[in-house]
Amino acid sequence: MTPKELLARLRRLKRRLTPGGDVSERAVKSGIWATMANVLGRGLQMVKLVILGNILGPKQFGLVAYALLTLAAMRRFSNLGIKEALIQKEENDIDGYLDTAWTLTALRGAILAGIGILAAPYIARDFFGAGKTATQVIQAMSLVPLITGVQNPGIVYFRKDLDYDKQFVYLVGKAVVSVSVAVGLAFAWENVWALVFGDVAGVLAATLLSYVLHEHRPWPAFDVPKVRELVGYGKWITASGIVVFLITEGDDVFVGWLLGSAALGLYQYAYKISNAPATEVTKVISKVIFPTYSKLQNDASNLRRAFFKTVQLTTFVSIPLAIGIVAVAEAFVRAFLGPQWLPAVTVMQLLALWGLLRSIGATTGPLFQAVGKPELATKIQVGKLAIMAATIYPATAAYGIVGASAVVVGNALLFSAPVSSYLGVRVVDGSYRRLLTIVGYPLIASGIMYAAVAFVGTNAPVAGIPKFVVMVATGVATYGATILAMETWGGYGIRDVLSTVTGAVGE
């Protein structure tokens, strides 16, 4: 194939993937773009983590984690839910809201940056018991909300209208710049500032791209009725965000406070490596399915059909990813990172299971928001928070980072995942038996896959990277063969879902 022919084929593929048609077709095509963006982003992130993991140690990752936790707390506690409110609105034209939305986010970003810079010495010294470097890192990272606060609000249309070909450029551009800067500076400096400048460069690139990709040019405005409308919807998003932070980041905060930066570095590194099902599948679902559900909120039968198809596609991908990470975690660490990261293996395995439960839960959160019941997600999160508050200290004090991760997994397994799934089925007036059947097929197939990978890992005649590659190949082949058998003789039905995806691309 000549370069000219290859370029022509790529152009034809882009035309086929350009979002268009009815809601279902646009959702499928947007999901493909979002998946490609997240796969590329995850791939780049993995490259960065492996390279920097060999150059930097757990303690330096922990210093950046202090800053990331500080910013996450400020963002969550001040999240106005503006983007979600704009996406949820049934009308397509929201231009009249954009300048007011931009003004609110810009003010919020400036306030957060100021708080971060001023409070950094107290957070680093008095709360985490860290030194001057941690203070400087928190102050430098406080530039992130300032930069993101002035992004072009018009990019909300990428999600609202399911135009994920543009969102793809936005997300991948940010990831490429962030990883390139971080890796380049890591080789040059060999210190924590490579991570800091990489993150800041990434959000700066994203802000510039937001103005390149969308023609809207914001201007300061403060329309009081519009502010009330946006914030009125977002109040439950704000409340949920606060509780979500305490649940998803509270364990990190506790580990950093109780065990120090090295333990926090191990814990967060394990999370980033292991949470592919949550960070990739969940991102695609929440960003694509929320606007899709919103457009179907008054169509009960199609909403129910969309929900179950979403669960089926999600579990088809996320269950084997999570079980696969559990199976190959130790081989991965030995092959790519070295002995200083071995204490993270058990945590990695536990948090992979948490990622699986989060990805399944991600099918219900957007559903609750789309049908105007965001309070359901908030109430579930409050229950999770109560359980964590009662168990995190004794578990972490007794078993360290393994105890903290066990609390997170047990909380999701015994409470949030079953409750959110139960409420999700009720909202769409569906069948619980259907839900259990959908989840059961990939769960059984992944169990068979795990047994095959574990056998190969124990008996492989090679070590290091070759062993890791053989284990991954075994897992992919075993899961694929088992699913094919279930589809042929067990009536799994995944072929219809995948046909919807491929059919949308082919049109």
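Residues numbered from 1 in each chain as written. Predicted model: local features only at pLDDT ≥ 70, side-chain atom pairs only at ≥ 80, totals over all residues. Heavy atoms only, no water.

Looking now at helix 6 (residues 132-141). Taken residue by residue, helix 6 has Ala134, Thr135, Val137, Ile138 and Met141 as its buried positions. Buried positions in helix 6, seen along its axis, are confined to an arc of 165 degrees and lie on one side of it. (Buried < 20%, exposed > 50% of the residue type's maximum accessible area, 1.4 Å probe, protein only. Helix = DSSP H or I, 4+ residues; strand = E, 2+ residues; numbered from the N terminus. Arc of directions from axis to C-beta.)

What follows is about the pattern of salt bridges. Note on pairing: side chains with opposite charge can pair once their charged atoms come close. Counted according to the given criterion, the structure contains 4 salt bridges. With a closest N to O distance of 3.8 Å, aspartate 199 and lysine 48 form a salt bridge. Taken together, the residues aspartate 199 in helix 10 (residues 193-213) and lysine 48 in helix 2 (residues 23-55) connect sequence positions 151 residues apart. The two residues aspartate 199 and lysine 48 agree in class, both being buried. (Salt bridge = Lys/Arg side-chain N within 4 Å of Asp/Glu carboxyl O.)

Moving on, we get to the nonpolar core. Formed by 103 residues in total, the largest nonpolar core has its most connected members in Phe61, Tyr66, Tyr267 and Ile483. Of the residues forming this core, the biggest block, 15 residues, is contributed by helix 15 (residues 300-336). Setting aside chain neighbours within four positions, we find isoleucine 483 in contact with Phe316, Pro442, Ala445, Tyr492 and Ile494. Of all hydrophobic cores here, the second largest spans 13 residues; its members include Leu86, Ile94, Ala101 and Tyr157. (Core = buried A, V, L, I, M, F, W, Y, C linked by side-chain atoms within 4.5 Å. Contact = heavy atoms within 4.5 Å.)

Within the chain, residue pLDDT values average 80, and 80% of them lie at 70 or more. For the chain, the element scoring lowest by mean pLDDT is helix 1 (residues 3-17), at 49; helix 19 (residues 432-459) scores highest, at 93. Note on residues 503-507: pLDDT under 50 across the span, and 12 contacts to partners over four residues away in sequence or across chains. (pLDDT = per-residue confidence, 0-100.)

Before going further, it helps to examine the packing of helix 6 against helix 10. Where helix 6 meets helix 10, the closest approach of the two axes is 10 Å, and the angle between their N-to-C directions is 10 degrees. In this view, helix 6 runs roughly parallel relative to helix 10, as classed from their interaxial angle. Side by side, helix 6 and helix 10 meet where Gln136, Val137, Ala140 and Met141 of the first sit next to Trp193, Val196, Asp199 and Val200 of the second. Within the contact of helix 6 with helix 10, the residues separate by chemical class into 6 nonpolar, 1 polar and 1 charged. (Axes fitted to C-alpha atoms, helices over the stretch in contact; angles between N-to-C directions. Parallel < 35°, antiparallel > 145°, perpendicular 65-115°, else oblique. Nonpolar A, V, L, I, M, F, W, Y, C, P; charged D, E, K, R; others polar.)

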